[in-house]
Amino acid sequence: MYDPREIIIRPIISEKSYSLIEQNRYTFEVAKTASKPQIGQAVAEIFNVTVLQVNTMNVTGKPRRVRFAKGKTRDWKKAIVTLKEGDKIDMFPSA
């Protein structure tokens, strides 16, 4: 059907996403074609947690230029996943 590791591309680590972890909400970059149920199932399979809610947003690329050439950064999709109380994902595993 689908590989969960193709849906969840990487976790997003920023000040805002780090503060959301305290509310048991985790932020991921996901495949642009992934639906909310697929994202929820993928997170549940990979991290062995219970997903309560998935919010997604499409992030448009910013305009950039290099000397005279104009372009833009790539468009991507972000998902904020809310977990059940008591579940957590260890973003920074100790070695």
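To start, this report covers the structure provided alongside it. (Residues numbered from 1 in each chain as written. Predicted model: local features only at pLDDT ≥ 70, side-chain atom pairs only at ≥ 80, totals over all residues. Heavy atoms only, no water.)

**A short note on the overall build of the chain**
Right, on to step 1. A count of helices and strands for the chain gives three helices and six strands.
Right, on to step 2. Helices (α) and strands (β) of the chain occur, in sequence order from the N terminus, as α-β-α-β-α-β-β-β-β.
Right, on to step 3. Its C-alpha atoms give the chain principal-axis dimensions of roughly 50 × 35 × 25 Å.
Right, on to step 4. Counting all 95 residues of the chain, 33% fall into the buried class.
Right, on to step 5. Considering only residue pairs separated by 6 or more positions, the chain has 61% of its internal contacts joining residues 24 or more positions apart.
Right, on to step 6. When the accessible surface of the chain is summed, it comes to about 6,900 Å², and 51% of that surface belongs to carbon and sulfur atoms.
Right, on to step 7. Both charge centroids of the chain, one from 17 positive and one from 10 negative side chains, sit 13 Å from each other. (Helix = DSSP H or I, 4+ residues; strand = E, 2+ residues; numbered from the N terminus. Buried < 20%, exposed > 50% of the residue type's maximum accessible area, 1.4 Å probe, protein only. Contact = heavy atoms within 4.5 Å. Areas by Shrake-Rupley, 256 points an atom, 1.4 Å probe, with all protein chains shown as cover. Lys, Arg positive; Asp, Glu negative; His and termini not counted. Charge placed at Lys NZ, Arg CZ, Asp CG, Glu CD.)

**A word on the environment of Lys36**
Right, on to step 1. Relative to the elements of secondary structure, Lys36 occurs in helix α3 (residues 36-47).
Right, on to step 2. By relative accessible area, Lys36 is classed as partly exposed at 44%.
Right, on to step 3. For the pair Lys36 and Pro4, spaced 32 residues apart in the sequence, the C-alpha separation amounts to 13 Å.
Right, on to step 4. Ignoring any residue separated from it by four or fewer positions in sequence, one finds Lys36 in contact with Val54, Asn55 and Thr56.

**Section: unusual backbone geometry**
Right, on to step 1. A positive phi angle is found at Asn24, which is not glycine, with a value near 65 degrees.
Right, on to step 2. Of note, Asn24 is situated in the loop between α2 (15-20) and β2 (25-30).
Right, on to step 3. On the basis of relative accessibility, which here comes to 10%, the residue Asn24 falls in the buried class.
Right, on to step 4. Within the chain, Asn48 stands out as a residue other than glycine whose phi angle is a positive 55 degrees.
Right, on to step 5. Looking at the secondary structure, you find Asn48 in the loop between α3 and β3 (51-59).
Right, on to step 6. A relative accessible area of 69% means that Asn48 is categorised as exposed.

In short, geometric facts, not functional conclusions.
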